[in-house]
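Now for the letters of each chain:
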Amino acid sequence: FLASWLAATMNLLFYPVICASINFWFLGFNDTSIYNFLNWVGILVIVGISGSSFGFMFGCILDNEQQGLLVTNLIFTMLQFGGGLFASLGPGANEVVKVIGWVSPFRYACEKMLRVMLNGLWYVNIPCDLLKYNNNDLCFPVLAAMCLGFFLLSGSAYLIKARSI
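Sequence order as written defines the numbering, with residues in each chain counted from 1. For this predicted model, a pLDDT threshold of at least 70 governs which residues receive local features, and a threshold of 80 or more governs which side-chain atom pairs are given and counted, while totals over whole chains, interfaces and linings are taken from all residues. Hydrogens and water are ignored here; the side-chain numbers use all heavy atoms of the structure.

Q: Sorry if this is basic, but what is going on with a nonpolar patch on the surface here?
A: Taken together, the side chains of Phe14, Ile18, Ile22 and Phe26 present a nonpolar region at the surface, about 490 Å² in accessible area. Helix and strand definitions here come from DSSP, where helices need a minimum of 4 consecutive H or I residues and strands a minimum of 2 consecutive E residues; each element is numbered from the N-terminal end. Summarising the element assignment, Ile18 is placed in helix α1 (residues 2-26). Residues enter patches when they are more than 30% accessible in relative terms and free of salt bridges; like-charged ones are connected within 9 Å and nonpolar ones (Val, Leu, Ile, Met, Phe, Trp, Tyr) within 5 Å. Residue exposure ignores everything except the shown protein chains as possible cover, and the areas themselves are Shrake-Rupley values with a 1.4 Å probe. Within this document, salt bridges are pairs made up of a side-chain nitrogen of Lys or Arg and a carboxyl oxygen of Asp or Glu, the two lying within 4 Å of each other.

Okay, structure coming up:
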């Protein structure tokens, strides 16, 4: 289990690092400091690991891989509502969307990415306040905790299934 997860995760790290290294310079960020660049790369890497761990978790929980893919896609779509991709988290937001927003890794990733993109501009807080993106310092720790939680849940599901065989 650990070897499989580690190999998949290490393989997954190359794509966000390469993409972030290229698109950071082409998007024309106002702040092109190394700190901002590492924030950009870091958020893409942690989102990739979080998504991989989330998919791995459902692969361990469910017996049928087709069912696992469908359930994972459904939950990803629901979590995107909480990330502000389909529905606003700002004033007048549905209560269900607000609750999903607190547990959605997309919310924290979108917030950090928006803040990195707008870093150094005078209006950085205007869109963040409008979208209720007010967890700037919590984004990385929350995403890291989600990665760890998904990993522990998948490991637990794997052990439970292994013992029942």
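Q: I would appreciate a short explanation of the pattern of salt bridges in the present structure.
A: Opposite charge on two side chains permits them to pair, given that their charged atoms come into close proximity. In the structure shown here, the tally under the stated rule is 4 salt bridges. The partner of Lys161 in a salt bridge is Asp63, and the shortest N-O contact between them spans 2.7 Å. Here Asp63 lies in the loop between α2 (34-61) and α3 (65-82) and Lys161 lies in helix α7 (residues 139-164), a separation of 98 residues in the sequence. Here Glu95 and Lys98 are joined by a salt bridge, their closest N and O atoms 3.6 Å apart.

Q: How do you make sense of the packing of α2 against helix α5 (residues 105-118) when you look at a structure like this?
A: Angle between the axes and distance between the axes: these two values describe a pair of packed helices. Only C-alpha atoms enter the line fits that serve as axes; for helices the fit covers just the stretch in contact. Angles between N-to-C directions range over 0 to 180 degrees. Contact geometry of α2 with α5 gives a least axis separation of 10 Å together with a crossing angle of 165 degrees. As summarised for this structure, α2 and α5 are arranged roughly antiparallel, according to the angle between their axes. Helix-helix and strand crossings are classified by hand; for α2 and α5 the assignment is left-handed. Counted together, Asn36, Asn39, Trp40, Ile43, Leu44, Val47 and Ser50 of α2 and Pro105, Tyr108, Ala109, Lys112, Met113, Val116 and Met117 of α5 form the full contact between these two elements. Residues are sorted three ways: Asp, Glu, Lys and Arg are charged, Ala, Val, Leu, Ile, Met, Phe, Trp, Tyr, Cys and Pro are nonpolar, and all the rest, Gly among them, are polar. Its residues placed into classes, the contact of α2 with α5 shows 10 nonpolar, 3 polar and 1 charged. Orientation is classified from the angle alone, with under 35 degrees giving roughly parallel, over 145 giving roughly antiparallel, 65 to 115 giving roughly perpendicular, and any other angle giving oblique. The crossing is said to be left-handed when, going from far helix to near helix, the turn is anticlockwise and less than a right angle, and right-handed when the turn is clockwise. The contact definition used throughout considers only heavy atoms, calling two residues in contact when any of these lie within 4.5 Å.

Q: Before we go on, may I ask you to explain the side chain of Ser53 in this structure?
A: For Ser53, the location among the structural elements is in helix α2. When its relative accessible area of 0% is taken as the criterion, Ser53 is described as buried. Setting aside residues up to four positions removed in sequence, Ser53 forms contacts with Trp5, Cys147, Phe150 and Phe151. When accessible area is computed with a 1.4 Å probe and restricted to protein chains, residues below 20% of their type maximum are described as buried, those above 50% as exposed, and intermediate ones as partly exposed.

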